[in-house]
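# Notes for the structure review
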Amino acid sequence: IQLITPVYINKRNYATCAFYYFPDKTIDDNDHLFLERIATVVALCILYEEAQFEEQQRMRSSLLERLIHLQNPKELDSYLKFLPFKFQPPFLTGVIQLEEETNAFIDLHDQMTQLSKLTMELNMSCIFAVIGGEIIMLSARDVDKANWKQKIEKMLCKMQILNKGYKYSLGLSDVFTNFKK
């Protein structure tokens, strides 16, 4: 015997919680209520993790926008401590342009979140911002431009698999150590 309940997040079945009973056990009258509470707690935990990740992305995007507008990096030290990597030279920048091939609209900020998750998977030290319809990327600590470009191309291939209606192109800068130049 089993008792099953779905975990719904944004009207989508995200997971399933279940009780499995041994042959000599019966379903208690309150088991379904307890299982529903477990499913609610699981949904809240997942939503909390997603909200926390999205907030980190907004903070990183704000940080990158401030750097682009030539704020002194020393003035941003309080923000830099929240990055999951040490923000130090050498730096590389990239501009990711998207070309919509079908009418499958995906928000740029959602794509930026997908890119951030992929960079975490590939162990890349990057922050992203959406500026003027393009995704701007800043990478720190990566000295090997060829290796970095391979990782980025791999990431963009995964993005094209995730978002079949889009074509991605990338422009890269040279390696630099000073933001003011």
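Report follows, based on the coordinates. Along each chain, residue indices are assigned from 1 in the same order as the chain's sequence is written. In keeping with the predicted nature of the model, local features appear solely for residues at pLDDT of at least 70, side-chain atom pairs appear and are counted solely at 80 or more, and the whole-chain, interface and lining totals rest on all residues. The side-chain numbers reported here are obtained from all heavy atoms of the structure, hydrogens and water having been left aside.

Attention now goes to the pairing of strand 5 (residues 134–140). Relative accessibility under 20% of the residue-type maximum defines a buried residue, over 50% an exposed one, and the middle range a partly exposed one, all with a 1.4 Å probe and only protein chains included. By definition, any uninterrupted DSSP run of H or I lasting at least four residues is a helix, any uninterrupted run of E lasting at least two residues is a strand, and each is numbered from the N terminus. With six of seven residues buried, strand 5 is to be regarded as a mostly interior element. Strand pairing is assigned whenever DSSP detects at least two bridges linking the two strands. The sheet contact formed by strand 3 (residues 91–100) and strand 5 spans six bridges and is antiparallel. Bridge assignment links V95 to a residue of strand 5, and that residue is I136. Relative to strand 5, strand 4 (residues 126–131) runs antiparallel, the two sharing six bridges. Paired with C126 across the bridge in strand 5 is S139. Here strand 4 folds back onto strand 5 in antiparallel fashion, the turn holding two residues, of which G132 has a positive phi close to 60 degrees.

In space, the four strands of this open sheet follow the order 4-5-3-6, with antiparallel pairing throughout. Both outer strands of the open sheet, strand 4 and strand 6 (166–172), are each paired with one neighbouring strand and no more. Mean inter-strand twist for the sheet, computed between neighbouring axes without regard to direction, equals 25 degrees. Note on contacts: a residue pair qualifies if any of its non-hydrogen atoms lie within 4.5 Å across the two residues. To obtain each axis, a line is fitted to C-alpha atoms, and for helices this fit is confined to the stretch in contact; angles are then taken between N-to-C directions over 0 to 180 degrees. Each of strand 3, strand 4, strand 5 and strand 6 is contacted by helix 4 (residues 145–162), which is oriented at about 165 degrees to strand 6, the strand it contacts most.

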